[in-house]
Amino acid sequence: MQVTMNYGRHGLMLELPDAWDVQVIEKRSMPLEPKPEQAVEKALSTPIGSGPLVEEARGKRRVCILICDITRPVPNGLVLPQVLRALMAAGIEPRNIEILIATGLHRPNLDEEMREVVGSDHILQTVKVSNHYGRRDEDHVRVGVTSRGTEVLLDRRFVEADLKLVIGLVEPHLMAGYSGGRKVITPGICHEQTIRRLHSAAYMEHPKATNCVLEGNPLHQEQLEIVHLLGTVLGINTIIDPHRRLSFVNFGNIVDAHLQAVDFIRDYAEVAVPGPFGTVITSSAGYPLDKTYYQTVKGMVAAREILASGGDLFIVSEISEGMGSVHYLEAQKLLSDLGPDGFLNEIETRQHARIDEWQTEMQLRPMRRGRIRLFSRGLDRSDHALTGIDVIDDLDVFLNAVHESVGSEQRLAVIPEGPYVMPFVQPRGR
């Protein structure tokens, strides 16, 4: 049996013996927009909870458009030209439009990456495109405090714009339930202090701060409160199929439009299985998500849901850019020194997390469930120990060894698309 895993830009072929009991877990066939440009144009003129974009833009002077950074394959090259056309039709001059890349605390996207993110040189030549820098105090302004006591500091370019527009990709997210919408703002353009507060153990250890859960999710609730502090914010939500083709797009009030998009993707991304698996093979969704080990953790967390206790979880990820930030390396070193329980005890007392340690904290979830093994051709050997898991050179050898040790009754799950698919064990009787 051959299965192509999402890995880098070109995939990784698995050869699994036909005798094995293998279940490939993937989205059911998604509808496609046959004319994507027209679909975007229609969405901008048939909004949810707002006026059409042209009407919303009339009389406005300064526009700020938030887009995701290089870690999200948002089809900005499809969406942005239609958005700019509508804004200019409303009388807004290009010099008064700024596209802001919502990096959170990620590194900036410059040069070729910036062109890739926005989709064309034409856009770079037409309007201003900038990166958000979460540690620049002077770039942020205080907009209020949430009911949980979070001081909200956001990029002033967005806060002070007359028209605020967010473009995102809606998919399962390991902390916020689903990405897109309000998440592009928080943490996308938050100051370091706000991000560190919202990524502290007080939020991350909450049982509902997890994939596909919005109701009762404290991080989602904080994100919504921050949206309301800003007043009117408009959102464009995109959903793509496993081949990165447009399946859904909408526009309107950022909260209402996002919920509609979530309702759409749930039917495809959430996949029920009858029981847990002793062995699970997953990915980090391929390029661009699998450029770093930091992002690779997302694939582990998603697959954990169907891994039997004490089972074997294999993840394939190219990791072409190494581990991640210097701060993340420090967190992984702390995990290596203290072990999972010691690491958690160390971070639980802090009101503000250290930068990027939250992804190490998320890794504890699958580590509590079973054994994790990583196959990567890009990760330098000197970094293997910092992963906190087993890094293997030959995936076939280890798969065969696991299968031989448990016998022919072993069920094996394969999740080619990694964290873009959220499998769950369906309770009996449903």
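Treat the numbers as computed from the prediction; the structure is a model and nothing was measured.

Quick look at the layout of surface pockets now. Leftover empty space is mapped by rolling, across the atoms, a probe with the size of a water molecule. Empty space within the largest pocket amounts to approximately 460 Å³. As for the largest pocket, its lining consists of 23 residues, and the residues nearest its centre are T4, N6, P242, H243 and E417. Classifying every residue of the lining of the largest pocket gives seven nonpolar, eight polar and eight charged. Listing elements by their share of the lining of the second largest pocket, those giving two or more residues are α12 (293-304) and α13 (326-347). When its residues are assigned to classes, the lining of the second largest pocket shows seven nonpolar, eight polar and six charged.

Turning next to the environment of H220. Checked against the element boundaries, H220 lands in helix α10 (residues 218-230). Residue classification places H220 among the buried positions, given a relative accessible area of 7%. Here the alpha-carbon distance between H220 and R245, two residues 25 residues apart in the chain, equals 27 Å. Ignoring any residue separated from it by four or fewer positions in sequence, one finds H220 in contact with A176, R182 and L214. Of note is the side chain of H220, whose polar atom sits 2.9 Å from the side chain of R182.

Turning next to the pairing of strand β8 (residues 151-155). With respect to burial, β8 is a largely interior element, four of its five residues being buried. One ladder, built from five bridges, connects strand β7 (residues 140-145) with β8; its direction is antiparallel. Among the inter-strand pairings, H140 is bridged to a residue of β8, identified as D155.

Here we come to the packing of α12 against helix α14 (residues 357-369). Axis separation between α12 and α14 bottoms out at 9 Å; the angle between their running directions is 35°. Considering the relative orientation of α12 and α14, their crossing is left-handed. Contact residues: Y293, Y294, Q295, V297, K298, M300, V301 and R304 in α12; W358, Q359, M362, Q363, R365, P366 and R369 in α14. When the residues that make up the contact of α12 with α14 are grouped by side-chain class, the tally is eight nonpolar, three polar and four charged.

Bringing empty space enclosed by the protein into the picture now. One pass over the structure, following the stated rule, counts three cavities of 30 Å³ or more. A volume near 380 Å³ is recorded for the largest cavity. Around the largest cavity sit 29 residues that line it, and R72, H106, H173, K183 and P187 are the ones nearest its centre. With three residues, α12 is the largest single contributor of residues to the lining of the largest cavity.

To continue, consider the sheet that holds strand β17 (residues 371-375). Taking strand neighbours across the sheet as the criterion, the six strands line up as β3-β19-β15-β16-β17-β18 in an open arrangement whose pairing is parallel. In this open sheet, the two strands that pair with only one neighbour each are β3 (21-24) and β18 (390-392). Each strand of the sheet is rotated relative to its neighbour by a mean of 20°, with strand direction disregarded. On top of the sheet, α12 reaches β15 (277-283), β16 (307-316), β17 and β19 (411-415); it is set at about 145° to β16, its chief contact. Most of the contacts of α14 go to β16, to which it runs at about 125°, and overall it touches β16 and β17.

This part covers the pairing of strand β13 (residues 246-253). With respect to burial, β13 is a largely interior element, seven of its eight residues being buried. In terms of strand pairing, strand β12 (residues 234-240) meets β13 through seven bridges, oriented antiparallel. Residue pairing for β13: I239 is matched across the bridge by F248. Connecting β12 to the antiparallel partner β13 that follows it, the hairpin turn spans five residues, and R244 within it adopts a positive phi of roughly 70°.

Here we take up the side chain of R373. Considering the arrangement of structural elements, one finds R373 in strand β17. Relative accessible area serves as the criterion here: at 13%, R373 is assigned to the buried category. Here the side chain of R373 touches D312 through a polar contact of 2.8 Å, side chain to side chain. If we ignore the near neighbours within four places in the chain, the residues touching R373 are D312, L313, F314, I315, D390, I392, F398 and V402.

Turning next to the nonpolar core. Counting residues in hydrophobic clusters, the biggest one holds 102 residues, and the most contacted among them are I65, V83, L87, L154 and I185. Top element by residues in this core is helix α3 (residues 76-89). It accounts for seven residues. Beyond its immediate sequence surroundings of up to four residues, L87 is in contact with L53, A57, V63, I65, I92, I97 and L163. Residues L16, I392, L395 and V414 belong to the second largest nonpolar core, which totals 18 residues.

Let's shift gears to α14. Of all 13 residues that make up α14, 10 are buried, and the element is covered over most of its length. Taken residue by residue, α14 has E357, W358, Q359, T360, E361, M362, Q363, L364, R365 and P366 as its buried positions. On its buried side, α14 packs onto α8 (192-198), α9 (201-204), α12, β16, α13 and β17.

Here the focus is the pattern of salt bridges. Summed over the entire model, instances satisfying the criterion amount to 27 salt bridges. Here R157 ties to E98 by a salt bridge, and the two come within 3.7 Å at their closest N and O atoms. Placement of R157 in helix α6 (residues 156-159) and of E98 in strand β5 (residues 97-102) is noted, with a sequence separation of 59 residues between them. The buried category is assigned to E98, whose relative accessible area is 13%. For R245, the salt bridge goes to D241, with nearest N and O atoms at 2.7 Å. Judged by relative accessible area, R245 falls into the partly exposed class, the value being 41%. Via salt bridges that share partners, E98, R136, D139, D155 and R157 belong to a single interconnected network.

A few words now on the sheet that holds β12. What the six strands build is an open sheet, ordered β6-β5-β4-β9-β12-β13; its pairing is mixed. The open sheet has two edge strands, β6 (128-131) and β13, and neither has a second partner. Pairs of neighbouring strands in the sheet enclose a mean axial angle of 20°, with direction left out of account. In the packing of helix α1 (residues 36-45) onto the sheet, the strands contacted are β12 and β13, and the crossing angle to β13 comes to about 20°.

Here is what the cut-offs are and how they apply
- Residues numbered from 1 in each chain as written.
- Predicted model: local features only at pLDDT ≥ 70, side-chain atom pairs only at ≥ 80, totals over all residues.
- Heavy atoms only, no water.
- 1 Å grid on protein atoms, 1.4 Å probe; cavity = no way out; pocket = protein on both sides within 12 Å on 5 of 7 lines; lining within 4 Å.
- Points joined across faces, edges and corners; volume = space filled by probe spheres on them.
- Nonpolar A, V, L, I, M, F, W, Y, C, P; charged D, E, K, R; others polar.
- Helix = DSSP H or I, 4+ residues; strand = E, 2+ residues; numbered from the N terminus.
- Buried < 20%, exposed > 50% of the residue type's maximum accessible area, 1.4 Å probe, protein only.
- Contact = heavy atoms within 4.5 Å.
- Polar contact = N/O pair within 3.5 Å; in protein donor to acceptor, adjacent residues only side chain to side chain.
- Pairing = 2+ DSSP bridges.
- Axes fitted to C-alpha atoms, helices over the stretch in contact; angles between N-to-C directions.
- Left-handed = near helix turned anticlockwise from the far one by under 90°.
- Core = buried A, V, L, I, M, F, W, Y, C linked by side-chain atoms within 4.5 Å.
- Salt bridge = Lys/Arg side-chain N within 4 Å of Asp/Glu carboxyl O.

These values are about where atoms sit, not about what they do.
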